[in-house]
Amino acid sequence: MQKLRHTINAVFVASLAVLLVSGVVFVAGQALALVTGQGGWLAALNEGVKGPACIAASVCAIAGFLLSYKQPAKQNHQQQEARTP
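Residues numbered from 1 in each chain as written. Predicted model: local features only at pLDDT ≥ 70, side-chain atom pairs only at ≥ 80, totals over all residues. Heavy atoms only, no water.

A. Spatial organisation of the overall build of the protein. The secondary structure content of the protein amounts to three helices and zero strands. Reading the protein from its N terminus to its C terminus gives the helix and strand order α-α-α. With 85 residues in all, the protein has 15% of them scored as buried. Taking contacts inside the protein between residues at least 6 apart in sequence as the whole, the part at least 24 apart equals 71%. As displayed, the protein has an accessible area near 7,000 Å², and 65% of this comes from carbon and sulfur atoms. (Helix = DSSP H or I, 4+ residues; strand = E, 2+ residues; numbered from the N terminus. Buried < 20%, exposed > 50% of the residue type's maximum accessible area, 1.4 Å probe, protein only. Contact = heavy atoms within 4.5 Å. Areas by Shrake-Rupley, 256 points an atom, 1.4 Å probe, with all protein chains shown as cover.)

B. Region of the structure containing the confidence of the model for the protein. With 84% of its residues at a pLDDT of at least 70, the protein reaches an overall mean of 87. Highest mean pLDDT in the protein belongs to helix α1 (residues 2–36) (93); lowest belongs to helix α2 (residues 39–48) (90). (pLDDT = per-residue confidence, 0-100.)

Structure representation (structure tokens):
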């Protein structure tokens, strides 16, 4: 079970990284295209970057849900009470 959780965590981290990088590229590319007046760049970014970013977001969301659904077994910790002098 722990190996499955580790695999899902790796998928989550990898898809989150892809999502963040593609999001930055998408927004920065749009800003650059607007500043330079290149409408073709906007269309190219919309076709080339938006699809993988949406797929990465979906994979990241599913992996995050699965990670939050089943928490690992908690270790037994005894509560320490504060001592008053």
